[in-house]
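Summary of structural features
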Amino acid sequence: MSEPNASIHEVMAGVIARELRDRELWFLGMSTGPETILLLTRIPIVAMALAQRTHAPNSWMLVAGWVMNPDVSKAPTRMESEFGTGLGQWPAEAYNNSLAMSYVAARHEIDVGFGSAAQVDKYGNCNTVAIGDYSRPRVRLVGPINQPGHFSLFGREIIIIPHERRNFVDEVDFVSGAGYRGGPGGRERYGLRTGGPTMILTDKAVFRFAEDTKLATLASVHHGFSVDDIVRNTGFVHDYVPSTVPETPLPSNRELDLIRESIDPRRVMLPGR
Amino acid sequence: MLEPDIKLTGLAEAARLIPNGARVHFGGMAVHNHPMAFVRQLLWEGTRDLTVVSHVSANDVDMLIGAGRVRRLEFSYVGLEEFGTAPCFRRAVQDGELELSEYSEPVAFERFACSARGMPFFTTREMFGTDLPSVNPDIREIDDPFGSGRYHAVRAAEPEWVVLHAAAGDRYGNVLFFPHRQLPEDLDLTASRTTRNLIVTVEQIVSHERVRESAYCNLIPRFRTTAIVEVPYGAHPCSCLHVYDQDRKHLAAYAMAARDPEGFRTHLARFVYGVRGHDEYLELIGATTLSRLRHVGGAL
């Protein structure tokens, strides 16, 4: 087999793009720290732009809740803040008051969100609040921010997280984003009518949630990594490795061309490729 | 015609309006538009035992927490965006020194809208499934009397004092806003409608005639305002949207310094207690730094 010329980040963008459908609303909040900005901000933006070019022309991309359908090829080089001059000068189809977006979300109109966390557990519950006991935490994190609504109001949530052992736990110390909360029927017991995570995407692999148990299960491994690599870097203790694990599908040549020629010709979004 | 009350005052006089133990909201969001000069003045004045009711806070609240001035915090986020977690907030919570009441971000916003509507509480479903209700007794379950099921009831923000930073206003307390506003500015407008105990620091005091010429931009009319203070670069090191950017070098240095209590004390000694007033602070930051943060054509 010949070595594919797609980078890991292009592979991740392709995975996300194929999760997205036409006539959907996609919501991307901003994140902090250079690595997280790449994984959780830049890659999903490229993925959304890719989906809009391949199969989803009627979709609507909401960046930071207020920059709508931006021209990704003219993306600002810095995306470190949700507001200010960086995003404010990005050519877009619409800038809307993002307070109104809270109401769009509350109406369950948002189909897909993207989220990350310091911890994700076997049921896809996420934690951005505290590691350890809530009242005297070992590490206090920034707070729930918009995560609760991503997992309660949106149609589905794509969790994107750096593949480090400590990020994958059996049970999160605090639930700020509700996954399947103890398994089948868990969400319903907590009054949740819709939504929930559909995928955990990392820089090494894809996990999905089993239909019957709602447990995170290794769905595919990105090119260049083995199942052993995944096991070494995953803190889950449940049996999450099925008997056969395929390689994550690579982006097609057409998808790669779109990313490289049309979406990100200046290599601002995926600089490392 | 009789002249209305002149609400223009000095930073120290305005800061002394806030009593110990007050329930205060500081405007701005993330690293934008926080009334930082006012926060430094509060530190200088020794104001303490504050309940801070906020939504998305940064170094404003982190400095007050680090100096031991905050008893209780109602919030959704305290962090420095690209510069990571807010070090004093993190330390205080880990040491069990801060009473917390936390909400999801849109709920934290809506608490202010609820106050502005004059209502005591509102309902939401978005925190279902999270552990927030189990650690926050102010999130309570209720039934929809019309039969659609269970909801969380959340109380209105009800700040006793609101302190904002904006671009311009007049001596009577009218405050001008830009026609193209971002979320931090819209949140400030909502917060301005939650109390008449409203203090606004502005980059520039403009003439009353100028306000009347820009009546569409006068979105905090003077009947709301208790005090207005002219404080150029009053949001530094945060941004004042459309006027100047956040000072990324300064914020990065703060994030680094405040990682240990000694470094934080040194930062305060230099930038707060080591200067007599805002003018000396600006001299310390330096004209070159400040002018490089400014936007061309940013003035109203």
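1. Some remarks on the overall build of chain B
- Summing up its helical and strand segments, chain B has 12 helices and 14 strands in all.
- Across its three principal directions, the C-alpha atoms of chain B cover 55 × 55 × 35 Å.
- Within chain B, the proportion of its 300 residues that are buried is 52%.
- In chain B, of all internal contacts separated by at least 6 residues, the share reaching a separation of at least 24 is 75%.

2. Concerning the overall build of chain A
- Regarding its fold elements, chain A presents 8 helices and 14 strands.
- For 273 residues, the compact-globule estimate of 2.2 N^0.38 gives 19 Å, and chain A sits close to it at 18 Å.
- Dimensions along the principal axes, computed over C-alpha positions, put chain A at roughly 50 × 45 × 35 Å.
- Each of the 273 residues in chain A was classed as buried or not, and the buried ones make up 51%.
- Sequence-distant contacts in chain A: of pairs separated by 6 or more residues, those separated by 24 or more amount to 72%.

3. Considering the sheet that holds strand β6 (residues 119-121) of chain A
Residues and elements named next belong to chain A.
- If you trace the 3 strands from one edge of the open sheet to the other, you get β7-β6-β11, paired in mixed fashion. One side of each edge strand has no neighbouring strand; the edge strands of this open sheet are β7 (126-127) and β11 (168-169).
- Note: β6 against β7, 2 bridges, orientation antiparallel. Paired with Val 120 across the bridge in β7 is Cys 126.

4. Some thoughts on the interface of chain B and chain A
- Between chain B and chain A, the contact holds 41 residues from the first and 41 residues from the second.
- When contributions to the side of chain B that touches chain A are tallied by element, the ones reaching two or more residues are β5 (77-78), α4 (87-94), α5 (105-116), α6 (132-135) and α7 (183-192) of chain B.
- When residues of the side of chain B that touches chain A are assigned to their parent elements, the largest contribution, 4 residues, is made by α5(B).
- In the side of chain B that touches chain A, the residues fall into 15 nonpolar, 14 polar and 12 charged.

5. Focus: the pairing of strand β4 (residues 70-75) of chain B
All names here are of chain B.
- Across 4 bridges, the pairing between strand β2 (residues 50-53) and β4 is parallel. Across the sheet, residue Val 52 finds its bridge partner in β4, namely Leu 73.
- In this sheet, strand β6 (residues 99-102) lies alongside β4 in parallel orientation, the contact comprising 4 bridges. Note that in β6 the partner of Glu 74 across the bridge is Ser 101.

6. Here's the deal with helix α2 (residues 36-45) of chain B
Residues and elements named next belong to chain B.
- Burial analysis of α2 places 7 of its 10 residues in the buried class, the great majority of the element.
- Three or more residues of α2 are buried, namely Met 36, Ala 37, Phe 38, Val 39, Arg 40, Gln 41 and Leu 42.
- Where α2 is buried, its residues touch α1 (11-15), β1 (23-26), α3 (59-66), β10 (161-169), β12 (198-205) and α11 (278-285).
- Just beyond α2, the residue with positive phi is Gly 46, at close to 90°.

7. A few points about the packing of helix α1 (residues 8-19) of chain A against helix α2 (residues 34-54) of chain A
Residue and element names in this part refer to chain A.
- Where α1 contacts α2, the axes come no closer than 8 Å and their chain directions differ by 55°. Classified by the angle their axes make, α1 and α2 are oblique. Judged by the sense of rotation from one axis to the other, the crossing of α1 with α2 is right-handed. In contact with His 9, Met 12, Ala 13, Ile 16 and Ala 17 of α1, α2 contributes Ile 43, Pro 44, Val 46, Ala 47, Leu 50, Ala 51 and Thr 54.
- Considering only residue class, the contact of α1 with α2 consists of 10 nonpolar, 2 polar and no charged.

8. Quick notes on the nonpolar core
All names here are of chain A.
- In this structure, Ile 16, Val 46, Ala 47 and Leu 50 are the most contacted members of the largest nonpolar core, which totals 166 residues.
- When residues in this core are grouped by element, the largest group, 11 residues, is from α2.
- Contact partners of Ile 16, with chain neighbours within four places excluded, come to Ile 43, Pro 44, Ala 47, Ile 158 and Leu 201.

9. What to know about the sheet that holds strand β9 (residues 150-155) of chain B
Residue and element names in this part refer to chain B.
- Reading across the sheet, the 3 strands line up as β7-β9-β8 and stay open at both edges, with antiparallel pairing between neighbours. Strands at the two margins of the open sheet, each flanked by one partner only, are β7 (121-124) and β8 (139-143). Taken over all neighbouring pairs, the strand axes of this sheet differ in orientation by 40° on average, direction set aside.
- Where β7 meets β9, 4 bridges bridge the pair, whose relative direction is antiparallel. When the bridges of β9 are listed, Thr 124 appears paired with His 152.

10. Things to note about unusual backbone geometry
Residue and element names in this part refer to chain B.
- A cis amide bond links His 236 to the next residue, Pro 237, at an omega of 10°.
- The phi dihedral of Asn 33 falls on the positive side, at around 65°, and the residue is not glycine.
- Examined against the element boundaries, Asn 33 turns out to sit in the loop between β1 and α2.
- Located in the positive-phi region is Tyr 233, a residue other than glycine, with phi close to 55°.
- Along the chain, the position of Tyr 233 falls in the loop between β14 (225-230) and α9 (248-257).

11. Description of the packing of α2(A) against helix α8 (residues 253-263) of chain A
Residues and elements named next belong to chain A.
- It is at 10 Å that the axes of α2 and α8 come closest, and there the two elements cross at 110°. One finds that α2 runs roughly perpendicular with respect to α8. Between α2 and α8, the residues in contact are Val 46, Ala 49, Leu 50, Arg 53 and Thr 54 and Glu 255, Leu 258, Ile 259, Ser 262 and Ile 263, respectively.

12. As for the confidence of the model for chain B
- With 98% of its residues at a pLDDT of 70 or more, chain B shows a mean pLDDT of 96.
- Complex prediction metrics read pTM 0.95 and ipTM 0.92.

Cut-off values and rules
Residues numbered from 1 in each chain as written. Chains lettered and ligands numbered in written order. Predicted model: local features only at pLDDT ≥ 70, side-chain atom pairs only at ≥ 80, totals over all residues. Helix = DSSP H or I, 4+ residues; strand = E, 2+ residues; numbered from the N terminus. Buried ≥ 20, exposed ≤ 12 C-beta atoms within 10 Å, placed from the backbone. Contact = placed C-beta atoms within 7 Å. Rg over C-alpha atoms; globule rule 2.2 N^0.38 Å. Pairing = 2+ DSSP bridges. Nonpolar A, V, L, I, M, F, W, Y, C, P; charged D, E, K, R; others polar. Axes fitted to C-alpha atoms, helices over the stretch in contact; angles between N-to-C directions. Parallel < 35°, antiparallel > 145°, perpendicular 65-115°, else oblique. Left-handed = near helix turned anticlockwise from the far one by under 90°. Core = buried A, V, L, I, M, F, W, Y, C linked by C-beta atoms within 7 Å. pLDDT = per-residue confidence, 0-100.

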